[in-house]
Amino acid sequence: MKRKLKLVLASALAVATVSTVAFFALPASAEAASFTVTNSWNSGYQGEISVSNPASAKISTWKVELTLPAGSTVGQSWNATLAAAGQKFTFTPAGWNATIAGGASTSFGFIVNGTGRPTSCTVNGQACTGLTGTPTATTSTPTAAPTTTSASPKPTATTVAPTTTSASPKPTTASPTPTKTATGSTPLALNGQVKVCGTNLCNESGKKIQLRGVSSHGIHWFPSCYTGSALDALATDWNADLFRIAMYVQEGGYESDPTGLTTKVNSLVDQAEARGMYALIDFHILNPGDPSFNLTRAKEFFAKVAARNAGKKNVIYEIANEPNGVSWATIKNYAEQVIPVIRANDPDGVVVVGTRGWSSLGVSDGASSAEIVSNPVNASNIMYAFHFYAASHQDNYRAEVTKAAASLPLFVTEFGTVSASGDGAVDTAGTNTWIDLLDKLKISYANWNFADKSEGSSILKPGACSAGTFSGTSVLTESGQLIRSRIRTADDF
Ligand code: IDC
């Protein structure tokens, strides 16, 4: 009996972000093919294909072949194995989804670098020809995908670099002369491009590593705290591996000055790189806690910073500081829209995804990491954020981290020595217990916060930033001294 396959529209994924759908009409025998653009941005788009078997007998394998016009290529795929030959891209089963029972279906997704839509499609060798529908792809140029929030401006072609492999543009702001260079024995020189390996962060040669460092406060509030000499002190006096660039989105942050803050983030990436430190680019959403409120801004921002920094090895992307008041499903949906934008521009950058309940793995919401383990973000080379404040988050949170670390790659992108308010007394014992656990599990971390505001979580004493001295212990608060003493010990790289 002739096997019949059908490629059907993945309508559930079409949602509001579909900007263009091309339909491949049915041949007479009733096989059909269509693909859906589930997301798009200036330099590319995400496609989804569902393969279904309308016959009663199972099929044991399948093969989908797409041809793209010159200038567009499939950069990556998931739930399928991808092979490329010229402009022809062949998708075969990922391994577990080769067999499709009668009446059942499977689906896979892919990222196209470039805006050209497929010019042909076959499934198991049968052509799905006769483009109908609107508009055809090769002539359409997608803009930033429309979303439910429309307040932020669209990205412009001049600020979004087109491809993943081209050399990254020159820094827009000259970095002050570093006292450490990116060659030799800096964390960056020793480790190169980091990647996720199993449940750990690994360096370029595959060794499990832990990065230890600090987080800025809001970079728009404390510019005098993030100078060349401040980063010199972190690199050489603190031996920090990591500098988190906290870019608030609300409260006068990115939404108020997207261009200025994007430039500032890029400048800090350069300054960290020049000193051999990793830079964690933090899209610091907090209120509102639903990351989808800022989806348009996130796509716009990450398209720019990922394209601009693609050639650098020191960049890690944190796409949502602390989701709160939303379900894991909402966060996952946001992540699955933002990550492809980063991948299209910087394919090998590690991405950290915030978790439910202020990045508590759900615990602060009465949930747990189990909801992530059973429904992970559909992407590779990603980690999940966990945040704690030592005076507020204690044994039950540590137990959850210990459990979750066995199956999820975790990154403590923010923690404080004080209470969750960011103020109050330093909990030295609790902080040390936490850091001991992170060290044991090789979980990377960044301490909140490197600024001189008058609050318990500040690393620097009030007035230190304008005075301009950052090295040594006399400029540090109690919290700063504790954190410096933990970070400056020898790394295990
Ligand atoms: C706090 C700052 C404080 C600022 C406040 C509002 O310490 O100076 O006024 O944000 O923007 C977080 C957040 C982080 C908070 C911090 C302490 O990620 O932005 O910073 N915290 O409350 N999560 C848990 C605690």
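Residues numbered from 1 in each chain as written. Predicted model: local features only at pLDDT ≥ 70, side-chain atom pairs only at ≥ 80, totals over all residues. Heavy atoms only, no water.

Chemist: Requested: an account of the overall build of the protein, with residues and values cited.
Modeler: Counting secondary structure elements, the protein contains 12 helices and 23 strands. Within the protein, buried positions represent 56% of all 493 residues. Partitioning the intrachain contacts of the protein with sequence separation of at least 6 by distance along the chain shows that 77% fall at a separation of at least 24. When the accessible area of the protein is evaluated, it comes to approximately 17700 Å², of which 54% is carbon and sulfur surface. (Helix = DSSP H or I, 4+ residues; strand = E, 2+ residues; numbered from the N terminus. Buried < 20%, exposed > 50% of the residue type's maximum accessible area, 1.4 Å probe, protein only. Contact = heavy atoms within 4.5 Å. Areas by Shrake-Rupley, 256 points an atom, 1.4 Å probe, with all protein chains shown as cover.)

Chemist: Summarise the pairing of strand β7 (residues 80-85); cite the residues concerned and give the values.
Modeler: Relative to strand β8 (residues 88-93), β7 runs antiparallel, the two sharing 6 bridges. Looking at β8, one finds that Leu82 is bridged to Phe91. Adjacent in sequence and paired antiparallel, β7 and β8 are bridged by 2 residues, among which Gly86 carries a positive phi angle near 60°. (Pairing = 2+ DSSP bridges.)

Chemist: Which residues make up the nonpolar core, and what are the values?
Modeler: Phe283, Phe302, Ile319 and Val353 are the most contacted members of the largest nonpolar core, which has 81 residues in total. Broken down by element, the residue count for this core peaks at 7 residues, all from helix α6 (residues 328-345). Each residue touching Phe302, except ones within four places of it in the same chain, is listed here: Ile281, Phe283, Ala307, Tyr317, Glu318, Ile319, Val338, Val341 and Ile342. Core analysis: the second largest hydrophobic core is formed by 20 residues, Val51, Val74, Ala80 and Phe110 among them. (Core = buried A, V, L, I, M, F, W, Y, C linked by side-chain atoms within 4.5 Å.)

Chemist: For the site of the ligand, give the residues involved together with the corresponding values.
Modeler: Close to the ligand lie 16 residues, the nearest being His217, Tyr248, His284, Glu322 and Lys453. At a separation of 3.0 Å, an oxygen atom of the ligand approaches a polar side-chain atom of Asn321. Within the complex, the protein chains bury 83% of what would otherwise be the 500 Å² of accessible surface of the ligand. Partitioned by chemical class, the residues of the shell around the ligand number 6 nonpolar, 5 polar and 5 charged. (Near = heavy atom within 4 Å. Polar contact = N/O pair within 3.5 Å; in protein donor to acceptor, adjacent residues only side chain to side chain. Nonpolar A, V, L, I, M, F, W, Y, C, P; charged D, E, K, R; others polar.)

Chemist: Before we move on, could you go through the state of the cysteines and cite the residues and values that matter?
Modeler: What the rule picks out here adds up to 2 disulfides. Here Cys197 is linked by a disulfide to Cys202, with a sulfur-sulfur distance of 1.8 Å. The sign of the 70° torsion about the S-S bond sets the Cys197-Cys202 disulfide as right-handed. According to the relative accessible area criterion, Cys197 is partly exposed, its value standing at 25%. Cys202 sits in the buried class, given a relative accessible area of 1%. (Disulfide = S-S within 2.5 Å.)

Chemist: Explain the sheet that holds strand β5 (residues 64-67) residue by residue, including any values.
Modeler: An order of β7-β8-β5-β10-β11 is seen for the 5 strands of this open sheet, with the pairing classed as antiparallel. Either end of the sheet is taken by a strand with one partner, and the two such strands are β7 and β11 (126-127). As judged from the 2 bridges shared by strand β10 (residues 120-123) and β11, these two strands associate in the antiparallel manner. Residue pairing in the sheet places Val123 in a bridge with Gln126 of β11.

Chemist: Please set out the packing of aromatic side chains residue by residue, giving values where relevant.
Modeler: In total, this model carries 18 aromatic pairs according to the counting rule given. Between the aromatic rings of Phe302 and Tyr317, the centroid separation amounts to 6.2 Å while the plane-to-plane angle is 75°, which identifies the pairing as edge-to-face. Of the two residues, Phe302 is situated in helix α5 (residues 295-309) and Tyr317 in strand β19 (residues 315-318); the sequence distance between them amounts to 15 residues. One aromatic cluster in this structure is built from Tyr226, Trp238, Phe243, Phe450 and Phe470. Over the ring of Tyr45 we find Arg117; its NZ or CZ atom is 4.0 Å from the centre of that ring. (Phe/Tyr/Trp six-rings, centres within 6.5 Å; stacked < 30°, edge-to-face > 60°. Lys NZ or Arg CZ within 6 Å of the ring centre and 35° of its normal.)

Chemist: With reference to specific residues and values, describe empty space enclosed by the protein.
Modeler: Rolled over the atoms, a probe as big as a water molecule pinpoints where empty space is left. In the structure shown here, the tally under the stated rule is 2 cavities of 30 Å³ or more. What the second largest cavity holds in volume is close to 30 Å³. Along the walls of the second largest cavity sit Tyr248, Gln250, Glu251, His284, Ile285, Leu286 and Asn287, which together make up its complete lining. Considered class by class, the residues forming the lining of the second largest cavity number 3 nonpolar, 3 polar and 1 charged. (1 Å grid on protein atoms, 1.4 Å probe; cavity = no way out; pocket = protein on both sides within 12 Å on 5 of 7 lines; lining within 4 Å. Points joined across faces, edges and corners; volume = space filled by probe spheres on them.)

Chemist: Outline the sheet that holds strand β15 (residues 208-209), supporting the account with residue identities and numerical values.
Modeler: One open sheet holds the 3 strands; their spatial order is β13-β14-β15, and the pairing between them is antiparallel. Either end of the sheet is taken by a strand with one partner, and the two such strands are β13 (195-197) and β15.

Chemist: Describe the packing of helix α9 (residues 395-404) against helix α10 (residues 428-441), naming the residues involved and giving the relevant values.
Modeler: At a minimum axis distance of 11 Å, the contact between α9 and α10 shows a crossing angle of 5°. On the basis of the axis angle, α9 is roughly parallel to α10. Across from Tyr397, Arg398, Val401 and Thr402 in α9, the residues of α10 making contact are Gly430, Thr433, Trp434, Leu437 and Leu441. (Axes fitted to C-alpha atoms, helices over the stretch in contact; angles between N-to-C directions. Parallel < 35°, antiparallel > 145°, perpendicular 65-115°, else oblique.)

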